[in-house]
Number of protein chains: 4
Amino acid sequence: MIIVMKPGASQQAVDHLLQRIEAKGLKPLHMPGAERVVLGALGDERLLAELALDADPNVESVKPILAPYKLVSRELHPHDTIVRIGDASFGGGRFGLIAGPCAVENEEQLRASALAAKAAGARVLRAGAFKPRSSPYAFQGLGADGLVLLERIGREVGLPVVTEVIESGDVELVARHSDALQVGARNMQNFALLKALGRAGKPVVLKRGMSAKVEDLLLAAEYVLAAGNDQLILCERGIRTFETATRNTLDLAAVPLLKAKSHLPVIVDPSHGTGIRDLVTPMALAAAAAGADGLMVEVHIDPPSALSDGPQSLYPDQLAALGKQLEAVLGALGRSL
Amino acid sequence: MIIVMKPGASQQAVDHLLQRIEAKGLKPLHMPGAERVVLGALGDERLLAELALDADPNVESVKPILAPYKLVSRELHPHDTIVRIGDASFGGGRFGLIAGPCAVENEEQLRASALAAKAAGARVLRAGAFKPRSSPYAFQGLGADGLVLLERIGREVGLPVVTEVIESGDVELVARHSDALQVGARNMQNFALLKALGRAGKPVVLKRGMSAKVEDLLLAAEYVLAAGNDQLILCERGIRTFETATRNTLDLAAVPLLKAKSHLPVIVDPSHGTGIRDLVTPMALAAAAAGADGLMVEVHIDPPSALSDGPQSLYPDQLAALGKQLEAVLGALGRSL
Amino acid sequence: MIIVMKPGASQQAVDHLLQRIEAKGLKPLHMPGAERVVLGALGDERLLAELALDADPNVESVKPILAPYKLVSRELHPHDTIVRIGDASFGGGRFGLIAGPCAVENEEQLRASALAAKAAGARVLRAGAFKPRSSPYAFQGLGADGLVLLERIGREVGLPVVTEVIESGDVELVARHSDALQVGARNMQNFALLKALGRAGKPVVLKRGMSAKVEDLLLAAEYVLAAGNDQLILCERGIRTFETATRNTLDLAAVPLLKAKSHLPVIVDPSHGTGIRDLVTPMALAAAAAGADGLMVEVHIDPPSALSDGPQSLYPDQLAALGKQLEAVLGALGRSL
Amino acid sequence: MIIVMKPGASQQAVDHLLQRIEAKGLKPLHMPGAERVVLGALGDERLLAELALDADPNVESVKPILAPYKLVSRELHPHDTIVRIGDASFGGGRFGLIAGPCAVENEEQLRASALAAKAAGARVLRAGAFKPRSSPYAFQGLGADGLVLLERIGREVGLPVVTEVIESGDVELVARHSDALQVGARNMQNFALLKALGRAGKPVVLKRGMSAKVEDLLLAAEYVLAAGNDQLILCERGIRTFETATRNTLDLAAVPLLKAKSHLPVIVDPSHGTGIRDLVTPMALAAAAAGADGLMVEVHIDPPSALSDGPQSLYPDQLAALGKQLEAVLGALGRSL
């Protein structure tokens, strides 16, 4: 950690900080420059977080050297983690397609959409039973009934299922009915939920928050791993920017960046990432070309009648066409669907 | 609601949509133009949300006319709502100062900081017992013990207290020990929490999310009011932008905007809004001049030793000076502290 | 155009606006609703821009129906425009690779980098002679001498050249020495420059501004086409967001979106789009998979010694490897390099 | 400057960098840590910018210690610079009000608006003759004729004038007719224009770009000062964020931040900063309370007929009321209008 002192900081203030650094067991460094005094603290600087050196009125800025996360970091764990949901594998070169409707609406809709997903090459079925919605007047999901239905249809069509959990109190219930648990963008920093998922014993799909930096996403994942669960898939799903032509701005560069920094698999959700049906296929292909370990795509048997996210849901034939193109692009890069 | 059809939409597609609008009990309108067919739907267009007309492949865009919130809107409730926390009032011309340390750390720190807050003119004491932190390795708060301590010190110094609740399961516990409950920025769209707060019987301070539009904040408040609690204070605390010189970008224009759209009181948190001690006072004064109904400011008896948010905590004498300047600015605009 | 009146707008105010709409030769529409009066204006609503109806104190909002650009729109010009720079073609299915160093530094550096670009499959050589830099103390380019050198080396290695022009007064000079002219992100709304380029008689590469919406980029292109030049290539190069891990956030969804809205070719600059060498190749492949018509990539014979943009410049062997992978990905999608 | 090496960097790579630092005349530092080697470079690190150390494949990141600007910095120039436009003063405790219509439209409109500005307490008249507009179909200003008219009306009503210049080629012309020259947000990084203004001999009002960080604004100002002109006023006018309820997000915290970092005066434009008439007055008062040295406000004799920016233009009586409130707020803080 590098500590830049304010121009007028006294020698006494400098000495006081050097002592605090040493008292934490780190090696202090003193670097007096022409315009500024700079201090260093060598060692596990995460220990210094509690010192909050930047709260000192003599300190201008504090620059960390090490990443603030450990368990998710590739440095200490150089090999790819492979996460399995049922028979599907993510990471370590494996590419998995997750598809399904935004929400569980009813038996017929779910079965037809699930069959379409499977026919297109999907290995995992997605559908939401608990739907966090910006407006209290929008469809909020079928809740526990939806979970039961999703589990039944998943078994019927032969696909493992992943569904969202929105509260720590629901983790046990959701884990009973699904093969993997998804954390939505709005809950990426719901730390009580993350801790509960660390003890859930099921794989987790963690979506990036709308205003989360890559580092924030990795720190959120660190909560889950620190609580005991390393079966975690990171999911890029778009961030909020000034651009209004798309629902979110899909940050595909986060894919190779996350994979460089972490050993965890990284998938992409081009449906929420764009919010526009016609952009889903090109961005799905782009994600594959960028090195993603999988995709999560919304498909609906009849998008115009969907209770949520219809505008971004593919028609079944569009998903089938995407499946074929994915195979070609992955094949060109020495991988397979 | 205005529905813009795609250029090549057929007459049949248009008729189909007009029928769907009519079936919902709204008055359909047909406006054929030179380059586009435009449809209208007059009436309570919120009913159309479930139709998800923008999911139709013949529809280019859907433009709402009415705001998607109702209960928080000033249109149906033109007079200011006044929210009381203990003796302090917010809204309807009243201005309230909430101050205290970021977190409950220990008895001595809390008492000294609380006395400093009171001496500076604060009417409500703030301090966190449950601290949501980006990193699992950062101080997470004292939890239930902190609540008890906060309640005791509040009574001792004679100030009502407000503290953060981070899970719906904790609402009852926190409500038992505090006079008002705060929802942090990360939880603004934790809808289970919002619903629980609607039934808590205590005033709520709802902070704007880091990536929340003004409309998102109002919809989040709508959840609380729809669940039965209209004692809600909106709090602007900065949004996330490309600017890195400050912790967040404090969006003060949201103050008069929120007050125009809603009858609820609006306060400002310049501590999180800037993240920099020296900017807190000017932005607090600016908030008062912009018409805010109050402030929430962090003060600490010894900021360099604070376990969290030290860099943005005022020293006691700075808060006292701010109190005097606030009186002057409010007085100049015909108001009082 | 749809005009939403404020709740209390009088009949007189409504009538006055209807008259203004009619006086402009558009067909006015009156749609009284339960909570709001809504007006419509059918016809070429661009005529209404000068009425500035949203400046009327009785008007709540104005919602346009038609895009504000015409000449760049695919609606009136459904077929892809193909832009040629020397022998290279962009658009209409053709994919072109533009590569070269950020800046012309000296003869040796430029020749070696140009040969590396050509060997990797590049069809156009890029290099800047005029360098707009945030700091006045950074290298500003070789200016006119650099132009002459670039032209000479381009001929020597057999590649057409593209280079940036930063002022309308320089257009003629730059056009004399280069095969295409590039507008940098900072100048996307330098309208005097855009108008001059409309009369330059050479193809233009127009980079998206750091805070430009897709619509802003299309309006900037409209300036060039309106001034008489339709040989224009749009270039996505990243936008400024809260994410600091990359230099910019590359908005690849803009590629299929721009191609849906406009007939102009769209290329991607993954070098500025990420600012990080290791992310350039994955994002270049992603751009190709997303449907881009080409790429602009920085390559340098010795990046650590580059006078600008070294951190994002590929080594020659990295560009060669990218060329091979591009061929594979394009081939998988039925296209070719 | 602090240079963080990649985990696997060899001793040889480290030595090579230390030599390069020393060769530039700076003092190199070697700090081997448990997980990373960190290097330091003490001295005027701006010299190192040309080394581009972050382009080295062995370097993970480079962290500057010193600000990249010099002449605008308060460190070397601790006292406030006072800039005078005619009789009006900005900085050093002086507060100046600049007001006028967005654009020069015609004699009658300009005279009436100018008289309204003066009556409300404005000390400088603003109006644009060259209007940069996003769309080529929008009103582009009266050009040179507008300049002449503005100069004449300014003299007639007894106010100095400020107007925008959009090209380096126009600087001489505009300087001949106006008392100060304004750089618009879109041109903040038009470096040729900034250099020309450095030689113009007239005060400059430099508006912050829509995606410019505070540091970018200071670097742009540095161009003008480095070219010989220190009569420069910085102007905060809103940045582009995800919030769409306002035209821009007015970043008022930039005011005290800029004043802490620089000796130059800082004013605020609440008209462009919000884009909404009803928000202009509260944000103008907030700016004054935040410590701004002045305001630039749009006023129009008849906003609904304005050729540009009508929605954000105050009516004359609104500006008069603002003038009175400004006096009160400034007075409360020991200042005056």
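Being a predicted model, the structure only gives us computed values, none of them experimental.

**Digging into the overall build of chain A**
Consideration 1: Secondary structure summary: chain A contains 10 helices and 14 strands in total.
Consideration 2: For chain A, the spread of C-alpha atoms along the three principal axes comes to 75 × 45 × 40 Å.
Consideration 3: Looking at chain A as a whole, 64% of its 337 residues qualify as buried.
Consideration 4: Taken as a whole, chain A presents about 10,800 Å² of accessible surface, with 50% of it coming from carbon and sulfur.

**With respect to the sheet that holds strand β11 (residues 204–207) of chain B**
Hydrogen bonds along the backbone pair up the strands of a sheet, which may run parallel or antiparallel.
Residues and elements named next belong to chain B.
Consideration 1: Spatially, the eight strands close up into a barrel ordered β7-β8-β9-β10-β11-β12-β13-β14, and their pairing is parallel. The sheet shows a mean angle of 25° between the axes of neighbouring strands, direction not considered.
Consideration 2: Pairing geometry for β11 and strand β12 (residues 232–236), over four bridges, is parallel. Within β12, the residue paired with leucine 206 across the bridge is leucine 234.
Consideration 3: Strands β12 and β13 (266–268) of the sheet are contacted by helix α7 (residues 254–261), whose axis makes an angle of about 165° with β13.

**Quick notes on the sheet that holds strand β3 (residues 37–42) of chain C**
All names here are of chain C.
Consideration 1: Taken in spatial order, the four strands line up as β2-β3-β1-β4 in an open sheet, and their pairing is antiparallel. Each edge of the open sheet carries a strand with a single partner, namely β2 (27–32) and β4 (59–63). Taken pair by pair, the neighbouring strands of this sheet meet at an average axis angle of 20°, ignoring direction.
Consideration 2: Across three bridges, the pairing between strand β1 (residues 2–5) and β3 is antiparallel. Counted as the bridge partner of valine 4 is valine 38 from β3.
Consideration 3: Where helix α1 (residues 11–23) meets the sheet, it contacts β1, β2, β3 and β4, and its direction lies at approximately 155° from that of β2.

**Observations concerning the relation of the copies chain A and chain C**
Consideration 1: Superposition record for chain A on chain C: RMSD 0.0 Å, screw rotation 180°, translation along axis 0.0 Å. Taken together, the turn and the small shift mark the pair as related by a two-fold rotation axis. No C-alpha of chain A approaches the rotation axis more nearly than that of Ala286(A), which lies at 2.0 Å.
Consideration 2: Comparing interface residues between copies, 100% of those in chain A also sit at the interface in chain C, which points to an isologous, same-surface contact.

**What about the relation of the copies chain B and chain A?**
Consideration 1: Placing chain B over chain A gives an RMSD of 0.0 Å and needs a rotation angle of 180°, together with 0.0 Å of translation along the axis.
Consideration 2: By residue overlap, the copies meet face to face through one surface: 100% of the interface positions of chain B are interface positions in chain A.

**With respect to the interface of chain B and chain A**
Consideration 1: In this assembly, 44 residues from chain B lie in contact with 44 residues from chain A.
Consideration 2: The junction of chain B with chain A conceals about 3,700 Å² of combined surface from both sides, 50% of it contributed by carbon and sulfur atoms.
Consideration 3: For the pair chain B and chain A, the number of links is two salt bridges.
Consideration 4: With a closest N to O distance of 2.7 Å, Arg240(B) and Asp216(A) form a salt bridge.
Consideration 5: At the junction of chain B with chain A, the criterion picks out 20 residue pairs in polar contact (both at pLDDT 80 or more).
Consideration 6: Among the elements of the structure, α5 (191–198), α6 (214–226) and α9 (277–289) of chain B are those that each provide at least two residues to the side of chain B that touches chain A.
Consideration 7: Examining the composition of the side of chain B that touches chain A, we find that four residues originate from one element, α6(B), more than from any other.

**Here's the deal with helix α1 (residues 11–23) of chain B**
All names here are of chain B.
Consideration 1: In this model, α1 (13 residues) spans 18 Å end to end at C-alpha, consistent with the 18 Å of a helix rising 1.5 Å per residue.
Consideration 2: Among all positions in α1, only Ala13, Val14, Leu17, Leu18, Arg20 and Ile21 are buried. Down the axis, α1 shows its buried residues gathered within 160° of arc, on one side only. Facing away from the buried side of α1, by more than 90 degrees, are the exposed residues Gln12, Gln19, Glu22 and Ala23.
Consideration 3: Looking at the buried positions of α1, the neighbouring elements they touch are β1 (2–5), β2 (27–32), β3 (37–42) and β4 (59–63).
Consideration 4: Following α1 by one or two positions, glycine 25 adopts a phi angle in the positive range, close to 90°.

**Comments concerning α7(B)**
Consideration 1: For α7(B), the tally of buried residues reaches six of eight residues, placing the bulk of the element in the interior.
Consideration 2: For α7(B), the secondary structure elements touched by its buried residues are α6, β12 and β13 of chain B together with α9 (277–289) of chain D.

**Structural notes on the side chain of Arg240(D)**
Consideration 1: With respect to the element layout, Arg240(D) can be found in the loop between β12 (232–236) and α7 (254–261).
Consideration 2: A distance of 2.7 Å separates the side chain of Arg240(D) from the backbone oxygen of Ser211(C), its partner in a polar contact.
Consideration 3: Reaching out from Arg240(D), the side chain makes a polar contact with the side chain of Asp216(C) at a distance of 2.7 Å.
Consideration 4: Non-local contacts of Arg240(D), meaning those with residues more than four positions away in its chain, are made with Phe242(A), Phe242(B), Ser211(C), Ala212(C), Lys213(C), Asp216(C), Met210(D) and Asn248(D).

**With respect to the environment of Ala103(B)**
Residues and elements named next belong to chain B.
Consideration 1: Looking at the secondary structure, you find alanine 103 in the loop between β7 (96–100) and α2 (107–119).
Consideration 2: Classification of alanine 103 by relative accessible area gives buried; the value is 1%.
Consideration 3: Each C-alpha atom of the pair alanine 103 and leucine 285 lies 24 Å from the other, and the pair is 182 residues apart in sequence.
Consideration 4: In contact with alanine 103, not counting residues within four places along its chain, are Gln109, Ala127, Gly128, Lys131, Phe139 and Ser308.

**With respect to the domain arrangement of chain A**
Consideration 1: Examined at the domain level, chain A breaks down into domain 1 (2–63) and domain 2 (83–332).
Consideration 2: Placing the centre of domain 1 of chain A and that of domain 2 of chain A at their C-alpha centroids yields a distance of 44 Å.

**Re the packing of helix α6 (residues 214–226) of chain D against α7(D)**
Residue and element names in this part refer to chain D.
Consideration 1: In contact at an axis separation of 11 Å, α6 and α7 are set at 50° when each is read in the N-to-C sense. Classified by the angle between their axes, α6 and α7 sit oblique to one another. When the axes of α6 and α7 are compared, the crossing they make is right-handed. The residues of α7 that touch α6, namely those facing Val214, Leu217 and Leu218, are Ala254, Leu257, Leu258 and Lys261.

Rules behind the numbers
Residues numbered from 1 in each chain as written. Chains lettered and ligands numbered in written order. Predicted model: local features only at pLDDT ≥ 70, side-chain atom pairs only at ≥ 80, totals over all residues. Heavy atoms only, no water. Helix = DSSP H or I, 4+ residues; strand = E, 2+ residues; numbered from the N terminus. Buried < 20%, exposed > 50% of the residue type's maximum accessible area, 1.4 Å probe, protein only. Areas by Shrake-Rupley, 256 points an atom, 1.4 Å probe, with all protein chains shown as cover. Pairing = 2+ DSSP bridges. Axes fitted to C-alpha atoms, helices over the stretch in contact; angles between N-to-C directions. Contact = heavy atoms within 4.5 Å. Least-squares fit on C-alpha atoms with pLDDT ≥ 70 in both. Buried area = accessible area lost by both parts, 1.4 Å probe. Salt bridge = Lys/Arg side-chain N within 4 Å of Asp/Glu carboxyl O. Polar contact = N/O pair within 3.5 Å; in protein donor to acceptor, adjacent residues only side chain to side chain. Expected span 1.5 Å × (residues − 1). Arc of directions from axis to C-beta. Domains from an automatic or database assignment. Parallel < 35°, antiparallel > 145°, perpendicular 65-115°, else oblique. Left-handed = near helix turned anticlockwise from the far one by under 90°.

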